[in-house]
Amino acid sequence: MAPAGRLDAVPESLIDAASAVSGCGPAWAYQFIEALADGGVAAGLPRAKAQQGIRRQMLLGSARMVLETGKHPGELKDAVCSPGGSTIQGVRLLEERAFRGAVTDAVLAAFEKTKDLGKK
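Residues numbered from 1 in each chain as written. Predicted model: local features only at pLDDT ≥ 70, side-chain atom pairs only at ≥ 80, totals over all residues. Heavy atoms only, no water.

A look at a nonpolar patch on the surface
A cluster of nonpolar residues, Phe32, Leu36, Met58, Leu94, Phe99 and Val103, forms a patch on the protein surface that exposes about 450 Å² of accessible area. Counting only elements with at least two residues in the nonpolar patch, the list comes to α2 (25-42) and α7 (99-119). (Patch = residues over 30% accessible without salt bridge, like charges linked within 9 Å, V, L, I, M, F, W, Y side chains within 5 Å. Areas by Shrake-Rupley, 256 points an atom, 1.4 Å probe, with all protein chains shown as cover. Salt bridge = Lys/Arg side-chain N within 4 Å of Asp/Glu carboxyl O. Helix = DSSP H or I, 4+ residues; strand = E, 2+ residues; numbered from the N terminus.)

A few points about the pattern of salt bridges
Within the structure shown, the criterion is met by five salt bridges. Lys77 is the partner of Asp78 in a salt bridge, and the nearest nitrogen-oxygen pair spans 2.8 Å. For Asp78, a relative accessible area of 48% gives the class partly exposed. The closest approach of N and O atoms between Lys115 and Glu112, which form a salt bridge, is 3.6 Å. Within this pair, Lys115 and its partner Glu112 are both found in helix α7, separated by three residues, close to a single helical turn. What makes Lys115 partly exposed here is its relative accessible area of 29%. (Buried < 20%, exposed > 50% of the residue type's maximum accessible area, 1.4 Å probe, protein only.)

Quick notes on the packing of helix α1 (residues 15-23) against α2
One can describe the packing of α1 onto α2 by two numbers: an axis separation of 5 Å at closest approach and a directional angle of 30°. What the angle tells us is that α1 and α2 run roughly parallel. Facing α1, whose interface residues are Ala20, Val21, Ser22 and Gly23, α2 presents Gly25, Pro26 and Trp28. For the contact of α1 with α2, the residue count by class is four nonpolar, three polar and no charged. (Axes fitted to C-alpha atoms, helices over the stretch in contact; angles between N-to-C directions. Parallel < 35°, antiparallel > 145°, perpendicular 65-115°, else oblique. Contact = heavy atoms within 4.5 Å. Nonpolar A, V, L, I, M, F, W, Y, C, P; charged D, E, K, R; others polar.)

Some details on α2
For α2, spanning 18 residues, the distance from its first C-alpha to its last is 25 Å, which sits close to the expected 26 Å at 1.5 Å a residue. Taken as a whole, α2 has its buried residues at Gly25, Ile33, Ala37 and Gly40. Looking straight down α2, one finds its buried side chains confined to an arc of 125°; they lie on one side. Among the exposed residues of α2, those pointing more than 90 degrees away from its buried face are Gln31 and Ala42. Once α2 ends, the next one or two residues include Gly44, with phi positive near 115°. (Expected span 1.5 Å × (residues − 1). Arc of directions from axis to C-beta.)

A short note on the packing of aromatic side chains
As enumerated under the stated definition, the model contains one aromatic pair in all. Here Phe32 and Phe99 contribute two aromatic rings whose centre-to-centre distance is 6.3 Å and whose plane-to-plane angle is 50°, an arrangement assigned as tilted. Here Phe99 lies in helix α7 and Phe32 lies in helix α2, a separation of 67 residues in the sequence. A residue is classified by how much of its surface remains accessible, and Phe32, at 32% relative accessible area, is partly exposed. Relative accessible area serves as the criterion here: at 35%, Phe99 is assigned to the partly exposed category. (Phe/Tyr/Trp six-rings, centres within 6.5 Å; stacked < 30°, edge-to-face > 60°.)

Re the packing of α1 against α7
Running from amino to carboxyl end, α1 crosses α7 at an angle of 130°, the nearest separation of the two axes being 8 Å. On the basis of the axis angle, α1 is oblique to α7. The two elements α1 and α7 meet at a crossing, and its hand is right-handed. Along its contact with α1, which presents Asp16, Ala17, Ser19, Ala20 and Val21, the element α7 presents Val107, Ala110, Phe111, Thr114 and Lys115. (Left-handed = near helix turned anticlockwise from the far one by under 90°.)

What follows is the structure in structure tokens.
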């Protein structure tokens with residue numbers, strides 16, 4: 001199974017929750033990547049440039065930082081937010097628009113659907 005990715009044993013009682021995160025999460029990551037490109041276009045980047053390596057490499061590098069440093073994502077986020085800078089303004093807006101709440105709600109919706117499917 002190694003070529004499929006990292007394996008992580010999960011107790012049967014947590015399979016639906018794990019599935020909601022790891023099974024559905026890629027779709028949400030793709031939505032995020034697409035939204036970054038759309039934002040780049042809105043800011044003036046040509047679509048081809050916005051869809052190229054800039055955003056893909058950023059997401060890959062961010063994921064690597066979480067995996068390789070073992071630091072909490074919030075700590076890594078704080079490290080790249082300069083006082084009064086553009087990044088913290090974007091973070092502030094995402095919080096204002098309930099970014100974390102929306103992601104959490106998506107996981108819970110997927111979890112509930114997975115549980116319902118398991119009953120059939």
